Amino acid sequence: MGILNILDYPVGLLLYPFHGFHPFLALVGVCVLITCVGMVAYKKLTDQEALKHIQDQIKIRLMEMRLRQHTIGELIRLQNEGLAWNFRYLKTAFLPSLVIFVPMVLLLPSLDARFAYAPARVGTIVPVEVVLSDMKKGMEHEFKLESLPKGLELIEKDGRVGTQNVIGWYLRALENGVYTLKFRYGEKTFEKQVVVSDKIQPLQWEIKPPGLPDTLYSLESSTLEEGAMVQAITVGYKKVYSPFGIFGWYPDWIYSFLIIFLILFFVLRPVMKVH
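Novice: Can you walk me through the overall build of the chain in this structure?
Specialist: Counting its regular elements, the chain contains seven helices and 10 strands. For the chain, whose C-alpha radius of gyration is 26 Å, the value lies well above the compact-globule estimate of 19 Å for 275 residues. Overall, the chain is about 80 × 40 × 40 Å in size when its C-alpha atoms are taken along their principal axes. Evaluated residue by residue, the chain yields a buried proportion of 39% over its 275 residues. Restricting the contact set of the chain to residue pairs at least 6 apart, pairs at least 24 apart contribute 69%. Just so you have it, the chain exposes about 16,400 Å², and 63% of that area is on carbon and sulfur atoms. Both charge centroids of the chain, one from 29 positive and one from 26 negative side chains, sit 9 Å from each other.

Novice: Honestly, the pattern of salt bridges in this entry has me stumped. Any pointers?
Specialist: Side chains bearing opposite charge may pair, as long as their charged atoms lie close to each other. As enumerated under the stated definition, the model contains seven salt bridges in all. Put simply, Asp56 and Lys52 hold a salt bridge, and the shortest N to O gap is 3.3 Å. Taken together, the residues Asp56 and Lys52, both in helix H3 (residues 48–67) and four residues apart, mark about one turn of the helix. Residue Glu81 is joined to Arg61 by a salt bridge in which the shortest nitrogen-to-oxygen separation is 3.0 Å. In this pair, Glu81 is assigned in helix H4 (residues 72–115) and Arg61 in helix H3, connecting sequence segments 20 residues apart. The class of Arg61 is buried, set by a relative accessible area of 15%. One network of salt bridges, with partners in common, ties together Arg61, Arg77 and Glu81.

Novice: For this particular structure, what's the right way to read the packing of H3 against H4?
Specialist: Packed helices, taken two at a time, are described by the angle their axes make and the gap between the axes. Put simply, H3 and H4 touch, their axes get as near as 9 Å, and they point 160 degrees apart. Taken together, H3 and H4 sit at an angle that is classed as roughly antiparallel. Where H3 crosses over H4, the two elements pack in a sense that is left-handed. Touching Leu51, His53, Ile54, Gln55, Gln57, Ile58, Arg61, Glu64 and Met65 of H3 are Leu75, Leu78, Gln79, Glu81, Gly82, Trp85, Asn86, Arg88, Tyr89 and Thr92, all from H4. Here the contact of H3 with H4 is built from residues that sort into eight nonpolar, seven polar and four charged.

Novice: Mind showing me how you'd approach the sheet that holds strand E3 (residues 144–147) here?
Specialist: Backbone-to-backbone hydrogen bonds join strands into a sheet, with any given pair of strands oriented parallel or antiparallel. Reading across the sheet, the three strands line up as E3-E6-E7 and stay open at both edges, with antiparallel pairing between neighbours. Each having just a single partner strand, E3 and strand E7 (188–196) make up the two edges of the open sheet. Direction aside, the axes of adjacent strands within the sheet are offset by 35 degrees on average. Both E3 and strand E6 (residues 177–185) contribute to a ladder of three bridges, which runs antiparallel. Along E6, the bridge assignment pairs Lys144 with Arg184.

Calculation criteria
- Residues numbered from 1 in each chain as written.
- Predicted model: local features only at pLDDT ≥ 70, side-chain atom pairs only at ≥ 80, totals over all residues.
- Heavy atoms only, no water.
- Helix = DSSP H or I, 4+ residues; strand = E, 2+ residues; numbered from the N terminus.
- Rg over C-alpha atoms; globule rule 2.2 N^0.38 Å.
- Buried < 20%, exposed > 50% of the residue type's maximum accessible area, 1.4 Å probe, protein only.
- Contact = heavy atoms within 4.5 Å.
- Areas by Shrake-Rupley, 256 points an atom, 1.4 Å probe, with all protein chains shown as cover.
- Lys, Arg positive; Asp, Glu negative; His and termini not counted.
- Charge placed at Lys NZ, Arg CZ, Asp CG, Glu CD.
- Salt bridge = Lys/Arg side-chain N within 4 Å of Asp/Glu carboxyl O.
- Axes fitted to C-alpha atoms, helices over the stretch in contact; angles between N-to-C directions.
- Parallel < 35°, antiparallel > 145°, perpendicular 65-115°, else oblique.
- Left-handed = near helix turned anticlockwise from the far one by under 90°.
- Nonpolar A, V, L, I, M, F, W, Y, C, P; charged D, E, K, R; others polar.
- Pairing = 2+ DSSP bridges.

Following this line, the structure appears as structure tokens:
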């Protein structure tokens, strides 16, 4: 577990009304809530009258530049004044924006755990793979899936040799739940969770040797040693994409979040009279 795991609780509360929804619709709902709360907080933290005055001064310079576009000296003066007013706006709004922006960034790992991949569904096939640093002869038989929970059924084992250095298993999900797989190779044991659910659930598709992101946010206590034989253990969850394409491109959750946020920002800003 990492420091940012504490934010799973507020994210869980935000998502509670949307548990039965498609992940994209739930993401829209969460984005609306975050944007509205952020804009209300920004409005309270800033001097809106001062910001409005600065924006008016910027607009006046732009209008004068259009009227005096053939007078080079005046254009330069107005441009410098416009830049000065823009700098004053950034200076006034910087700290309040930082206060709003930093918590939003800190929420991203928790949102990623819920929206990047969908849990396995009952009746579907779940591929599980162990990535090795070096595949030796016979290792596919010695590396064993020691414990299989009753909510999962083993279909077959796929031992791949050569350049891939992967040992794989295909499991069928039988019941909803969070299951821990246990692997053994010689005296060493390894664990990996598999999440089966028809609702939005936090999940981690891969475990690997810990790095900085894992110290900040991690859903599983099991990790791998740096430089060890096992480089990663992965579960083949289905990646979530927006159901709405943009010229054939279907964005994943982070791009969808940014697009929705920008649309809401420009729509709600005049409605909420935020300067």
